[in-house]
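# Coordinate inspection notes
The lines below spell out each chain.
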Amino acid sequence: MRSVAVIGGGPAGATVAEKLHRGAREAFRVTIFEERQGWEKPCGGALPAKALRRYPFLLDAGETFRRAKEAELVAANGEAVRFALRAPLVIYSRAVLNRLLLDRAEAAGARVIADHIRDFRRDRTGWEIKGREETYRADFIVLAAGARTPLRSRFAAGFAPQDLMLTFGYYAPGSDSLLRIQFIQDFEGYAWAFPRQDHLSLGICGKADETNMAALAQRLRHFMQVFGYSSEGASVFSHLLPAMSPGSWERLEVAGDGWALAGDAGGLVDPLTGEGIYFAMRSGELLAEALLNDAPQTYLEKVRHEFGRRLAVGARLAPRFYRGKFLGKCSTTR
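No experiment lies behind these values; they were computed from the predicted model shown.

## Points about the sheet that holds strand 7 (residues 119-123)
If you walk across this open sheet you meet the three strands as 7-8-9, and the pairing is antiparallel. Since the sheet does not close on itself, it has two edges, and those belong to strand 7 and strand 9 (135-138), each with one partner. Across the sheet, the mean angle separating the axes of adjacent strands is 25 degrees when strand polarity is ignored. Across four bridges, the pairing between strand 8 (residues 126-130) and strand 9 is antiparallel. Bridge pairing links K130 to T135 in strand 9.

Here it is, written out as structure tokens:
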């Protein structure tokens, strides 16, 4: 195996391409197919401390991110606690972060092609990959095109509604240093306000089998009204986010003969918090290690050992965390 096609140039795809080139003793040919390079994916953009420890270059990107040093958690009844974060969160615009990671992959030797991959098929000599107007060849396919890609169904079962969260929100003009999260009574999800370098990310997420976009928008508007956030001059976003059920974690499929799934396309997102950037990058790194060792079949166990088992526990805890009762009040309030 010498040629790898990476479909999707977000954190997972860019990381696997970079690590393959930097770790290969012999030349790998890695091509990233990303139609919208450095686009503003609907996402809060917060990077936890573990991501910054593992990928310290994320702190060397100049004034392209915002450090959140203070947070406020708000219970469903409006009671709140504000506290200083032991380790500041770094919050990126996804357009900036995706471009940064793609640039690193290109600098390592990967080729980036702005094409939309429509289909692919396996033959005796590898994969034939069809773009809008051109056809490409590869020995191995990495699908890292997010949770919404229809190409996932070619490799694994599609996400069921109970395996997804809906998100809705605004990129709003403004400046703040406070990260705010509000929990909602009998609701598996939360509303957020994340400060970014030159705007605010205001959003809400909820389980796809229990809510809809209209209900999310109404809840978010209430959150914004209570805390004085404005949508004037803002752009709207909506998205699907994996939040897999316990049964789906048990049946996890991320690799097969000549293919692998990374990041959101594999469902590798924390079902309790919705955080996915670290797991996207780490899954790309683990996949690259497996491919460099000529052992792609070890990728699934690497994922399970590194974080998959913990995320499966999170999937079991999530309903109790968001909807459970403790001493007469909902768990998130207590």
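## Topic: helix 6 (residues 277-292)
For helix 6, spanning 16 residues, the distance from its first C-alpha to its last is 23 Å, which sits close to the expected 22 Å at 1.5 Å a residue. Of all 16 residues that make up helix 6, 14 are buried, and the element is covered over most of its length. Once helix 6 finishes, D294 follows within two positions and takes phi at roughly 55 degrees, a positive value.

## A word on the confidence of the model for the protein
Averaged over all residues, the pLDDT of the protein is 92; the fraction at 70 or higher stands at 99%. Of all helices and strands in the protein, the one with the weakest mean pLDDT is strand 19 (residues 329-330) (82), whereas strand 17 (residues 259-261) scores best (98).

## Digging into the packing of aromatic side chains
Evaluation of the coordinates by the stated rule reveals 18 aromatic pairs. Their ring planes at 10 degrees and their centres at 4.6 Å tell us that F155 and W259 sit as a pair that is stacked. Taken together, the residues F155 in the loop between strand 10 (140-143) and strand 11 (164-172) and W259 in strand 17 connect sequence positions 104 residues apart. The exposure class of F155 is buried, given its relative accessible area of 11%. Among the aromatic residues, ring-to-ring pairing joins F120, W127, F155 and W259 into one connected group. Over the ring of F57 we find R104, and its NZ or CZ is 3.6 Å from the ring centre. Looking at R152, its charged tip hangs above the ring of F159, at a distance of 3.9 Å from the centre.

## As for the sheet that holds strand 12 (residues 178-183)
The eight strands lie next to each other as 3-5-4-12-13-14-11-15, forming an open sheet whose pairing is mixed. Two strands in the sheet have a free side with no partner beyond their single neighbour: strand 3 (46-47) and strand 15 (235-242). Bridge analysis of strand 11 against strand 15 gives eight bridges, and the strand direction is antiparallel. Residue pairing across strands places L164 opposite P242, the latter belonging to strand 15.

## Observations concerning the environment of G45
You can see G45 is positioned in the loop between strand 2 (29-33) and strand 3. Taking the C-alpha atoms as reference points, G45 and V74, 29 residues apart in sequence, are found 20 Å from one another. In contact with G45, other than residues within four places in its own chain, are V90, I91, Y92, R196 and I277.

## Digging into the packing of helix 6 against helix 7 (residues 299-323)
At their nearest, the axes of helix 6 and helix 7 sit 8 Å apart, and the two run at 155 degrees to each other. If you check the angle between helix 6 and helix 7, you find them roughly antiparallel. By crossing handedness, the relation of helix 6 to helix 7 is classed as right-handed. Contacts from Y278, F279, R282, S283, L286, L287, E289 and A290 of helix 6 reach helix 7 at Y299, K302, V303, E306, F307 and L311. Looking at the contact of helix 6 with helix 7, its residues break down into nine nonpolar, one polar and four charged.

Cut-offs applied
- Residues numbered from 1 in each chain as written.
- Predicted model: local features only at pLDDT ≥ 70, side-chain atom pairs only at ≥ 80, totals over all residues.
- Heavy atoms only, no water.
- Pairing = 2+ DSSP bridges.
- Helix = DSSP H or I, 4+ residues; strand = E, 2+ residues; numbered from the N terminus.
- Axes fitted to C-alpha atoms, helices over the stretch in contact; angles between N-to-C directions.
- Expected span 1.5 Å × (residues − 1).
- Buried < 20%, exposed > 50% of the residue type's maximum accessible area, 1.4 Å probe, protein only.
- pLDDT = per-residue confidence, 0-100.
- Phe/Tyr/Trp six-rings, centres within 6.5 Å; stacked < 30°, edge-to-face > 60°.
- Lys NZ or Arg CZ within 6 Å of the ring centre and 35° of its normal.
- Contact = heavy atoms within 4.5 Å.
- Parallel < 35°, antiparallel > 145°, perpendicular 65-115°, else oblique.
- Left-handed = near helix turned anticlockwise from the far one by under 90°.
- Nonpolar A, V, L, I, M, F, W, Y, C, P; charged D, E, K, R; others polar.

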